[in-house]
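# Summary of structural features
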Amino acid sequence: MHARLSTYEGDAGELSKGFDAQTDAVAQLEGFKAAYFGVSDSGKAFSLTLWDSEDALNASAERAKQLRADATQPSGADIQSVEHFEITSTAGDA
């Protein structure tokens, strides 16, 4: 399994609305497994998407870039980073 972790700065409420608006589109991408979005009181946020393979992660990269832009544009939030990871171990049912 592979993951894309993106970090943001901006208004937490507006970022949440923006990402809620994109969940259906990201869920339609081939190889998509799950997505998580989190915010802090300090104006920082993250999105974590999980993919069934590195190929699926890479194939989704351009569409994911557009979805991030669509999610952050209304609030004017900044995309701070985007990184790809291989999941090497898991625990729990999250």
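Our structure's up above, just so we're on the same page.
Presented here is an overview of the structure given in this document. As the structure is a computational prediction, the values presented were derived from the model and not from experiment.

Rules used in this analysis
Residues numbered from 1 in each chain as written. Predicted model: local features only at pLDDT ≥ 70, side-chain atom pairs only at ≥ 80, totals over all residues. Heavy atoms only, no water. Phe/Tyr/Trp six-rings, centres within 6.5 Å; stacked < 30°, edge-to-face > 60°. Helix = DSSP H or I, 4+ residues; strand = E, 2+ residues; numbered from the N terminus. Buried < 20%, exposed > 50% of the residue type's maximum accessible area, 1.4 Å probe, protein only. Polar contact = N/O pair within 3.5 Å; in protein donor to acceptor, adjacent residues only side chain to side chain. Pairing = 2+ DSSP bridges. Axes fitted to C-alpha atoms, helices over the stretch in contact; angles between N-to-C directions. Contact = heavy atoms within 4.5 Å. Expected span 1.5 Å × (residues − 1). Arc of directions from axis to C-beta.

### Focus on the packing of aromatic side chains
- Under the criterion given, the structure shown has three aromatic pairs.
- Ring geometry for Phe19 against Phe37: centres 4.5 Å apart, planes inclined by 25°, an arrangement best described as stacked. Here Phe37 lies in strand β2 (residues 32-39) and Phe19 lies in helix α1 (residues 12-20), a separation of 18 residues in the sequence.
- Judged by its relative accessible area of 11%, Phe19 falls in the buried class.

### Describing the environment of Thr23
- Its place among the elements puts Thr23 in helix α2 (residues 23-27).
- A polar side-chain atom of Thr23 sits 3.1 Å from the main-chain carbonyl oxygen of Asp20.

### Thoughts on the sheet that holds β2
- Strand order in this open sheet of four strands is β2-β3-β1-β4, and the pairing throughout is antiparallel. Of all strands in the sheet, those with a lone pairing partner are β2 and β4 (78-86), marking the two edges. Going across the sheet, the axis of each strand differs from the next one's by a mean of 15°, ignoring polarity.
- One ladder, built from eight bridges, connects strand β1 (residues 2-9) with β4; its direction is antiparallel. Bridge pairing in β4 places Ala3 opposite Phe85.
- Relative to β1, helix α4 (residues 61-72) is tilted by about 25°, and along the sheet it contacts β1 and β4.

### With respect to the environment of Gly76
- With respect to the helices, strands and loops of the structure, Gly76 is situated in the loop between α4 and β4.
- Looking at Gly76, the relative accessible area reads 53%, which means it is exposed.
- Residues Gly76 and Ser89, spaced 13 residues apart in sequence, show a C-alpha to C-alpha distance of 35 Å.

### Some points on the side chain of His2
- Among the secondary structure elements, His2 is positioned in strand β1.
- His2 has contacts with Thr49, Leu50, Trp51, Ser53, Glu54, Leu57, Phe85, Glu86 and Ile87, leaving out every residue within four places of it along the chain.

### So, the pairing of β1
- Relative to strand β3 (residues 44-51), β1 runs antiparallel, the two sharing eight bridges. By the bridge assignment, Thr7 is partnered in β3 with Phe46.

### A closer look at α4
- Taking 1.5 Å per residue as the helical rise, α4 with its twelve residues ought to reach 16 Å, and the 17 Å between its terminal C-alpha atoms agrees with that figure.
- Where α4 is concerned, the buried positions are Ala64, Leu67, Arg68, Ala71 and Thr72. Looking down the long axis of α4, one finds its buried residues gathered within 120° of arc, a one-sided arrangement. Along α4, exposed side chains directed more than 90 degrees from the buried face belong to Glu62 and Lys65.
- At its buried positions, α4 is contacted by β1, α1, α2 and β4.

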